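As a plain string of letters, each chain reads:
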Amino acid sequence: MDMTVRPRRLRNGETLRKMVRETRVDAASLVYPMFVMEGTDKVEEIDAMPGQYRYTVDRVGEKFKELFEAGVHAVMLFGIPDKKDEQASEAYNPCGVVQRALKEGKRVCPDMYYITDVCLCEYTSHGHCGVICDGDVLNDETLELLAKTALSHAEAGADMVAPSDMMDGRVAAIREVLDNNGFKNVPIMAYSAKYASAFYGPFREAAGSAPSFGDRKSYQMDFHNGREGIKEIMLDIEEGADIVMVKPAMSYLDIVANARDMVDLPIAAYSVSGEYAMVKAAAAKGWIDEDRIVAEMAVSAYRAGVDIYITYYAKEIAEMIQKGIIG
Ligand code: PBG
């Protein structure tokens, strides 16, 4: 056959394949989400997320150290309070569970980078991400509580805050309060294009944060909309976001790829609880090769253009990078 162009020439052997790789993965870009709860000396496995746990504050430090040694240098903390109320008081309590976990983390594993999820749904009695009046989630009234929460995280030592509530104007509100209180250098990673997704199901079990009535569609985005995701990203950048996020990851990489063409800021994608649970369940049945599936999911997010990948598989991915399985 007379063929000058033969793509297979560059697939001949692992050394050459690695040389011509378009996407390279680095453990420095991984973030591991974690749940901290009230109580003492408990590590509880989450039913719908085998291999993921809720930690009491006194037990979370050992996990930070284990992750750090495995090459995962950033975590994102979610709090599970004992007391929930209409005003989400525990979210901005200086002695709240996330605030104490931050202090413990800074003491036990000071080199870890601590990001906090800023939202009210784990702290409200009704499970919505904002203040409720007559069945509606109020936007502007919620902003004040979100800003208070972000400030209390910064005061407790958070290196970065990540608002996930999807209220309009929350990035600006948080930026203003942080700046006015001496936290000009604490970056905001905004969950900008966050879709109303069934992929969050296992998380809501983990955090006990399912809404007691209705759904989150009046604030999280409709998954039929791609351009609107870009609009949300642009708005958050105008309001002062330092990093923008797309969430979930796997089914939303078109949003990442489009944003990559338009945005110079770092882009994060969050591979959420449902993505993790699906892989775990199929792997437990012996139907898929877990490591290889996880590698493909991660690399596809980087290929689409993410700089930061938030995943419950962070430690496993860091280990795969170290072993040269991906990278
Ligand atoms: C809080 C929040 C949620 C997730 C991250 N922050 C749940 C939700 O919006 O219902 C989901 C994370 C996951 O599924 O892994 N608003």
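So, how was this worked out
- Residues numbered from 1 in each chain as written.
- Predicted model: local features only at pLDDT ≥ 70, side-chain atom pairs only at ≥ 80, totals over all residues.
- Heavy atoms only, no water.
- Helix = DSSP H or I, 4+ residues; strand = E, 2+ residues; numbered from the N terminus.
- Rg over C-alpha atoms; globule rule 2.2 N^0.38 Å.
- Buried < 20%, exposed > 50% of the residue type's maximum accessible area, 1.4 Å probe, protein only.
- Contact = heavy atoms within 4.5 Å.
- Areas by Shrake-Rupley, 256 points an atom, 1.4 Å probe, with all protein chains shown as cover.
- Lys, Arg positive; Asp, Glu negative; His and termini not counted.
- Charge placed at Lys NZ, Arg CZ, Asp CG, Glu CD.
- Near = heavy atom within 4 Å.
- Polar contact = N/O pair within 3.5 Å; in protein donor to acceptor, adjacent residues only side chain to side chain.
- Nonpolar A, V, L, I, M, F, W, Y, C, P; charged D, E, K, R; others polar.
- Axes fitted to C-alpha atoms, helices over the stretch in contact; angles between N-to-C directions.
- Parallel < 35°, antiparallel > 145°, perpendicular 65-115°, else oblique.
- Left-handed = near helix turned anticlockwise from the far one by under 90°.

Undergrad: An account of the overall build of the protein is requested, with residue identities and associated values reported.
TA: The secondary structure content of the protein amounts to eleven helices and twelve strands. The C-alpha atoms of the protein give 20 Å as radius of gyration, which agrees with the globular expectation for 327 residues (20 Å, within 12%). Along the three orthogonal principal directions, the C-alpha set of the protein runs to about 75 × 45 × 40 Å. The buried share among the 327 residues of the protein stands at 54%. Counting only contacts in the protein whose residues sit at least 6 apart along the sequence, the fraction spanning at least 24 positions is 74%. In the form shown here, the protein has an accessible surface area of approximately 15000 Å², with 50% of it arising from carbon and sulfur atoms. The averaged location of the 52 negative side-chain charges in the protein is 8 Å from the averaged location of its 37 positive side-chain charges.

Undergrad: Please provide a residue-by-residue account of the environment of Lys-63, values included.
TA: Here Lys-63 shows up in helix α2 (residues 57–69). For Lys-63, a relative accessible area of 12% puts it in the buried group. Separated by 252 residues in sequence, Lys-63 and Lys-315 place their C-alpha atoms 11 Å apart.

Undergrad: Requested: an account of the site of the ligand, with residues and values cited.
TA: Every one of the 19 residues lining the ligand counts as a neighbour, but Lys-194, Arg-204, Lys-247, Ser-273 and Tyr-312 are closest to it. The side chain of Lys-247 places a nitrogen or oxygen atom 3.4 Å from a nitrogen atom of the ligand. In the environment of the ligand, an oxygen atom lies 2.6 Å from a nitrogen or oxygen atom belonging to the side chain of Tyr-312. Taking 400 Å² as the accessible area of the ligand by itself, protein coverage stands at 100%. Classifying every residue of the shell around the ligand by side-chain character gives ten nonpolar, three polar and six charged.

Undergrad: Which residues make up the packing of helix α9 (residues 273–284) against helix α10 (residues 290–304), and what are the values?
TA: Look at α9 against α10: their axes get within 10 Å of each other, and the N-to-C directions meet at 155 degrees. Between α9 and α10, the angle is such that the two are roughly antiparallel. Relative to α10, α9 is oriented so that their crossing is right-handed. Packed against α9, whose contacting residues are Glu-275, Val-279, Lys-280 and Ala-283, the element α10 presents Glu-290, Ile-293, Val-294 and Met-297 at the interface. Considering only residue class, the contact of α9 with α10 consists of five nonpolar, no polar and three charged.

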